[in-house]
Amino acid sequence: MHNILNTIALMLEGTETTLQIFFITLVLSIPIGMLVSLARLSRLKPVSWFMELYIWIMRGTPLMLQLLFVYFALPMAGIKLSDITAALLAFTLNYAAYFAEIFRAGIQSINRGQYEAAKTLGMSYTQTMRRIILPQVIRRVLPPISNETINLVKDTSLIYILAMNDLLRVARTIVQREFDMTPFVVAAVFYLAMTFVLTWIFKRLEAHYGKYEV
């Protein structure tokens, strides 16, 4: 009985770490991604080029490599971060780049004629964005954002390379100690449950914003 309770406690602790990485990364990377996308579309060429370079590097190199770079290279430069801070920095920078490209594509997909039509109707730029453009952009970017969010759930397992006790690392430790595969099953159920909940939420959001599609 004691072993069972201890196993449950360890799994819950690992789940807490996984959820912490997931939610904080999501909360930080989406707004940063929006700002990066706007900078990417800037008429200031140096700003646009710099953001394009950032996106290219983040999307063109493995997230695991980025985690290792932040964790090991920054301390060599005198920048010391805690394990979770290093993980959050790497995850946020990586996912912000992906979200930036999603938002950029969404904004550019809107017909320029809609801006002109709104202007003809006497709408300000703010009114045009809030009532006409953004609802359509949100509707169009929801599917790719949903995919990236689900990928984020699974990518949180990469933090095991930083020796952080996330759900998967805890499960593996228990399996190696107890020679029991049950923790792997529990971990799989957790990831599937998270994916199910996120899929349901995004389907509801797509249904809500679907009325803005033209």
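The name that an unreviewed UniProt entry assigns to the chain is Polar amino acid transport system permease protein, with the source organism given as Pectinatus haikarae. UniProt, in its Sequence similarities (unreviewed entry) section for the chain, records the words "Belongs to the binding-protein-dependent transport system permease family." UniProt, in its Subcellular location (unreviewed entry) section for the chain, records the words "Cell membrane".

Undergrad: Would you mind showing me how to read the nonpolar core here?
TA: Of all hydrophobic cores here, the largest spans 43 residues; its most connected members are Ile21, Phe22, Leu67, Ala87, Phe91, Phe99 and Ile145. Secondary-structure elements contributing two or more residues to this core are helix 1 (2-40), helix 3 (63-76), helix 4 (83-108), helix 6 (125-155), helix 7 (167-178) and helix 8 (182-209). In terms of residue count, the dominant contributor to this core is helix 4 (ten residues). Excluding its chain neighbours within four sequence positions, the residues that come into contact with phenylalanine 22 are Thr149, Leu152, Val153, Thr156, Met194 and Leu198. Judged by nonpolar contacts, the second largest core, of nine residues, contains Met51, Ile55, Met58 and Ala100.

Undergrad: Would you take a moment to explain a nonpolar patch on the surface for this structure?
TA: The grouping of Met64, Leu68, Phe72, Met76 and Tyr160 at the surface amounts to a nonpolar patch, some 490 Å² of accessible area in total. You can see leucine 68 is positioned in helix 3. According to the relative accessible area criterion, leucine 68 is partly exposed, its value standing at 30%.

Undergrad: Please clarify how the environment of glycine 60 should be interpreted in this entry.
TA: Tracing the backbone through its elements, the reader meets glycine 60 in helix 2 (residues 45-60). With 34 residues separating them in the primary sequence, glycine 60 and leucine 26 have C-alpha atoms 20 Å apart.

Undergrad: Teacher, can you tell me more about the packing of helix 3 against helix 4 here?
TA: A pair of packed helices is captured by two measures, namely the crossing angle of their axes and the spacing between those axes. Taken N-terminus to C-terminus, the directions of helix 3 and helix 4 make an angle of 135°; their axes are 9 Å apart at the nearest point. Comparing their axes, helix 4 and helix 3 come out oblique. Note on packing geometry: the crossing formed by helix 3 with helix 4 is right-handed. From helix 3, Leu63, Gln66, Leu67, Val70, Tyr71 and Leu74 reach across to helix 4, where they touch Asp83, Ala86, Ala87, Leu89, Ala90, Phe91, Asn94 and Tyr95. In terms of residue class, the contact of helix 3 with helix 4 is built from eleven nonpolar, two polar and one charged.

Undergrad: Can you help me understand the environment of leucine 19 in this one?
TA: Mapped onto the fold, leucine 19 is located in helix 1. The sequence separation of leucine 19 and aspartate 166 amounts to 147 residues, and the corresponding C-alpha distance is 8.9 Å. Here leucine 19 is in contact with Phe190 and Met194, once residues within four sequence places are set aside.

Each value, and the rule that gives it
- Per chain, the residues get numbers from 1 upward, laid out in the order the sequence is written.
- In keeping with the model being predicted, local features are shown solely for residues with a pLDDT of at least 70 and side-chain atom pairs are shown and tallied solely at 80 or more, while totals for entire chains, interfaces and linings include all residues.
- Excluded from the side-chain calculations are hydrogens and water; all other atoms, namely the structure's heavy atoms, are used.
- UniProt positions are given in the numbering used here, feature names are shortened, and annotations may be inferred rather than shown by experiment.
- Among buried residues, those of type Ala, Val, Leu, Ile, Met, Phe, Trp, Tyr and Cys that are joined through side-chain atoms within 4.5 Å constitute a nonpolar core.
- The cut-offs for exposure are 20% and 50% of the maximum accessible area for each residue type, with area from a 1.4 Å probe on protein chains only; residues under the lower value are buried, those over the upper are exposed, and the others partly exposed.
- Labels follow the DSSP assignment, with helices taken as runs of H or I lasting at least four residues and strands as runs of E lasting at least two, numbered in each case from the N terminus.
- The contact definition used throughout considers only heavy atoms, calling two residues in contact when any of these lie within 4.5 Å.
- In this analysis, a patch consists of residues with relative accessible area above 30% that form no salt bridge, clustered at 9 Å for like charges and at 5 Å for the nonpolar side chains Val, Leu, Ile, Met, Phe, Trp and Tyr.
- Shrake-Rupley sampling with a 1.4 Å probe provides the accessible areas, and residues are treated as covered by the protein chains on show and by no other component.
- We define a salt bridge as a contact between a side-chain nitrogen of Lys or Arg and a carboxyl oxygen of Asp or Glu at a distance within 4 Å.
- Each axis is a line fitted through C-alpha atoms, taken for helices only over the stretch in contact, and angles between the N-to-C directions span 0 to 180 degrees.
- Our angle categories are set so that under 35 degrees counts as roughly parallel, over 145 as roughly antiparallel, 65 to 115 as roughly perpendicular, and the remainder as oblique.
- We call a crossing left-handed when the near helix sits turned anticlockwise from the far one by less than a right angle, and right-handed when that turn is clockwise.
- Think of it as three bins: nonpolar holds Ala, Val, Leu, Ile, Met, Phe, Trp, Tyr, Cys and Pro, charged holds Asp, Glu, Lys and Arg, and polar takes everything else, Gly as well.

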